[in-house]
Every structure is written in C-alpha cells, then in structure tokens.
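Inside the fold
Here's the letter readout for the chains.
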Amino acid sequence: MSIKSTMLIDKNFTVSEVDPRLYGSFIEHLGRAVYGGIYEPGHPTADENGFRRDALDAIRALNVPIIRYPGGNFVSGYNWEDGVGPKSERKRLLELAWWTTETNEIGTNEFADWAKLVGAEVMMAVNLGTRGIDAARNLVEYCNHPSGSYWSDLRISHGYKEPHRFKTWCLGNEMDGPWQIGAKTAVEYGRLANETAKAMRWVDPSLELVACGSSSSGMSTFADWEATVLDLTYDQVDFLSLHTYYNNNSNDTPNFLARSLDMDQFIDSVASICDYVKAKKRSKKKLMLSLDEWNVWNSIGSSRAEERWQIAPPEFEDVYTLEDALAVGCFLITLLKHADRVKMACIAQLINVIAPITTENGGPLWLQTTYYPYLHASLYGRGTVLQPIVSSPKYDAKDFTDVPYLEAIAVHNEEQGQVTVFAVNRHLSEDMELKVDVRSFGELRLIEHLVLENDDLKAINTKANPNNVVPRAGGQSVIDGGQVSARLGKASWNVIRLQVAGSRG
C-alpha cells in the first residue's frame, strides 16, 4: 500500500534567499569536540599543527559556512587571554562548566587557523558570565584591529600579523540558565549586553552582534526574557539567539518526527516578540534570528563527567539512529521554511559531542546517520526557498494534531539552474506517491534522487559498520509534462535534484 501527496512549486512564489550561515555548526570546549575531535597531535592523520586531517576532510565536505566558538556554557567562565601566546606558558585550569581540566592548547588563534582550513567563518562568543565590557572590547581589539594598539600588537607578537576580522559575535550564552556561570536576570543581562555591544562596536563598527534569547522555550523565563532583553538591547544588536534540542527518550517515533512542528512554533513565537519590540520602539530595523544551537540530543539528561577534572573526557557522545536522521531532516526543512527570519543556525555540535561526526582517539573516524541530511541541505539548499503548496494525509501524535506525513520544501538555485526538493515521508509503514508540479520552470531533467532509509528505524553507523545507514542514488523519480512523480519509501529522507533545461550544471 502507499499514501498519496502532492506539492506545487512556482519560481515566483518565494520565501527568501537562503543565508549560507543557515548551515552553520558549533564547537565548544566540551568533551572530545576539540581535544580528540579536531585536534589530536600524534594521531596518524595529524598535520604539523596537530589537527586531524580525517576530521578536516569530513568537515570540508559539509561546506560549513560558520562555526560558533568557544561555547556554550564553557564561555561563561573563560578568560580568552589564557588561550593565546606561547603554548608552553599557558595555564592548566579547572573548567567549571563541565568539571574538567582545560589545557588551553587550543585558543582563539589556533581555532582561527583551523576554521580557515575547513573554509568556515568563526562566530565568536564573549564571556558575559564572569566577565563583561572590558574583556569583550579587548578581545575584539586583539582579533580585529590591524595594529598600533596594545592588544592588536600583542596578537602580532603571537605570530598573527593580519587581523582575524571576525564579523559575528555572540553576547554571552544562555544567560538565564541557573546552570550558567554568572547567570543573570533579564534586566541584568540586557543592560550588560547593551553596554558591551556599544564598546565592541566602537572598536569595530562592522560587527554583527547576537543577543541571548532564553535557553529554551521550556524555560519559565521564556518570552518575558526575550521582550525585556530586546527592550534594552534592540538598537545595538542584529540577531536574537534561539536554542532547542529534541529527543525520543520516550520511544514514541511518530511524536518524535512531529517535533519539527514545535520548532516551527518556537521560531514564529520569537519572531513575534521581536516584531512586538520593533513596534514598541517604532523602529525600522527588523531583527533576525540565530538558531545557534539545535539538534537531536538523546543524552540531554546526563550530567557532567562523574570523575571531575579529567582532560577531555568523552561526554554526550550520542549514537544516532535512522529516525534521528529523519528528525534532523525535518528540522532542516523547518529552518528553510523560515529562511526569511532565521539567517543563521548552528547544528550543535560538529564532532563527537552530540555530533554528526565521531572519532576514536588514535583511531578512525566515521559518519553518523545525521551527517547525511545536514550534508545534503548544505550542498543543495543554497539559493531561494520556494513557498510550496502541499497536500498530504495527516496523523495525530501524542503532543501534536494534524501532522502531515509529508514534510517538504524546495530550493531554487538560479545561478546553477537547479531546483532541489527535500522531503521526509513520516509514515512508518507505507510508501508515499508524491507528485510535484514544476511547470513554472519549463523543461527540467532529473539529476538524481538521493534516499536515506533502512528497514530498521534504530539502525546506526559504527566503527565496525560505518556504512550501515548511508544515502543511495537511484530513488524512484520520473519527470513528465512538468510533473515529477516520485516514490518516497516509508520513513525516508529524500533529495530530488532537478536541472533546468538550457542552464549550466
């Protein structure tokens, strides 16, 4: 049996141009993200700076545009000066966010070097937990000012003549969370963030600044926090951050795959708060959103490492299943649907810590199931998001009603003359017959139909079997008379790539 769905896309019905930073990621000094993840001197693949080449290759393939650093909770107790200068002089310190020992082998300059190797910009975060205006303005001067001042000349003395020119900066992290070092009320944070932003911009007027939203929509502070913080910072910031994680710890797959509807509502709610403050202030500036932490996090209830003060112990190393990959695919589609407001997003995190890439210290690297939807969206989801008209059967889940079995979006890359349809069939037992009306584009040909599926929803990739869940070409799609007819397997992620006749590609 199969269910039937339809989708109409028109090149003139658009949502927004995609900001490439929608496909960003995040690396924090947490677990083995840095030490053992991107950096492991002595590893068989390590380069002359200790960076793992196998990790470089896997991350380069994703074409990640921007990576948030160095935290996360870590940043709220971080003195950036401890991570610059000669490594032999750097301190080993107790790291209170995750109860580990931080060696400071990797700091601002090394991370900037690494980001260049993978072709990514750096989204820097400043410490507004234990520190504030002074440390933030000094860090901007150190990173971005050319020369002729104390901090810029200090950078030059450390071997970096050219400034890093980091453009995007986060004003702290999750400052309403009681787990945060130096947690604050909305007024305390808003005042500090505003004054810090002023000083940072006086050093470098080109900066884009991100204010902290509440740590999640489940916080008791949610909505009031956003409204208060924006009331105090609106004129000084360009983005408001959102964080959200989902899991299937209740083992209710239909409900889990519907959680993208929650993300959809969360984004709409925060955008509404931004617009309320805009109206209240009679401002002409439209604030954009940075969903700079999102992912499936099944071990979210876990605590810090049981044995305190280890160096880079394994933490939050989730093993992702096919159903996790389907959920990530649904979340990516939701982000594309909101490309008019969500201009930056960071899947958290990039390697080892709740991540699409896993390494073994001294050993191999393998790709988790969630790597592939992220890869496909980043590679083929560049261009203009189209506003689809979708008709699909629906189901009711524990926390959601009228959940469409088809979750889908399309992106038109006019430069490359390509149209890409991203689609998830949420039905767990039936294939879907999908018809996509693409007549407005004229003659099209099928480039490929990629499919990620497995008969076992709990199937995973492992060191021993790294190719258990991988995408395959050869999905069932044909084009005839301006209509794509596709068969989407049960519980599957699908990427249907089309080429416009007469265009290059």
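Cut-off values and rules
- Residues numbered from 1 in each chain as written.
- Predicted model: local features only at pLDDT ≥ 70, side-chain atom pairs only at ≥ 80, totals over all residues.
- Heavy atoms only, no water.
- Helix = DSSP H or I, 4+ residues; strand = E, 2+ residues; numbered from the N terminus.
- Rg over C-alpha atoms; globule rule 2.2 N^0.38 Å.
- Buried < 20%, exposed > 50% of the residue type's maximum accessible area, 1.4 Å probe, protein only.
- Salt bridge = Lys/Arg side-chain N within 4 Å of Asp/Glu carboxyl O.
- Patch = residues over 30% accessible without salt bridge, like charges linked within 9 Å, V, L, I, M, F, W, Y side chains within 5 Å.
- Areas by Shrake-Rupley, 256 points an atom, 1.4 Å probe, with all protein chains shown as cover.
- Pairing = 2+ DSSP bridges.
- Axes fitted to C-alpha atoms, helices over the stretch in contact; angles between N-to-C directions.
- Parallel < 35°, antiparallel > 145°, perpendicular 65-115°, else oblique.
- Contact = heavy atoms within 4.5 Å.
- Nonpolar A, V, L, I, M, F, W, Y, C, P; charged D, E, K, R; others polar.

Re the overall build of the protein chain
Per the secondary structure count, the protein chain includes 10 helices and 25 strands. Expected size for 505 residues packed as a compact globule is a radius of gyration near 23 Å; at 23 Å, the protein chain falls within 12% of this value. In terms of overall dimensions, the protein chain has a C-alpha envelope of 65 × 60 × 50 Å along the principal axes. Counting every position in the protein chain, which comprises 505 residues, the buried fraction comes to 61%.

Details of the pattern of salt bridges
Within this structure, the stated rule accounts for 31 salt bridges. Across the pair Lys167 and Glu208 runs a salt bridge whose closest N-O atoms are separated by 3.9 Å. Separated by 41 residues along the polypeptide, Lys167 in the loop between helix H4 (150–157) and strand S8 (168–171) and Glu208 in strand S9 (residues 208–211) bring together distant segments of the chain. Glu208 gets classed as buried once you look at its relative accessible area, which sits at 16%. One salt bridge in this structure joins Asp231 and Lys280, with 3.4 Å as the shortest N-O distance. Note that Asp231 is positioned in helix H6 (residues 224–233) and Lys280 in helix H8 (residues 260–281), a separation of 49 residues in sequence. For Asp231, a relative accessible area of 30% gives the class partly exposed. Several salt bridges share partner residues, and in doing so they unite Lys4, Asp431, Glu433 and Arg487 into one network.

Quick look at a nonpolar patch on the surface
Where nonpolar side chains cluster on the molecular surface, the patch consists of Leu94, Leu96 and Trp309 and spans about 290 Å² of accessible area. Note on placement: Leu94 falls in strand S5 (residues 93–95).

Details of the pairing of strand S1 (residues 2–8)
With seven bridges joining them, S1 and strand S21 (residues 431–437) adopt parallel strand pairing. What sits directly across from Met7, in S21, is Val436. For S1 and strand S16 (residues 389–391), the ladder comprises three bridges, and the chain directions are antiparallel. Across the sheet, Met7 pairs through a bridge with Val390, a residue of S16.

Some words on the packing of helix H1 (residues 53–62) against helix H2 (residues 108–118)
Running from N to C, H1 and H2 point in directions that differ by 60°, and their axes come no closer than 8 Å. Relative to H2, H1 is oriented oblique. Where H1 abuts H2, its residues Leu56, Ile59 and Arg60 lie against Trp114, Leu117 and Val118. Class assignment for the residues of the contact of H1 with H2 results in five nonpolar, no polar and one charged.

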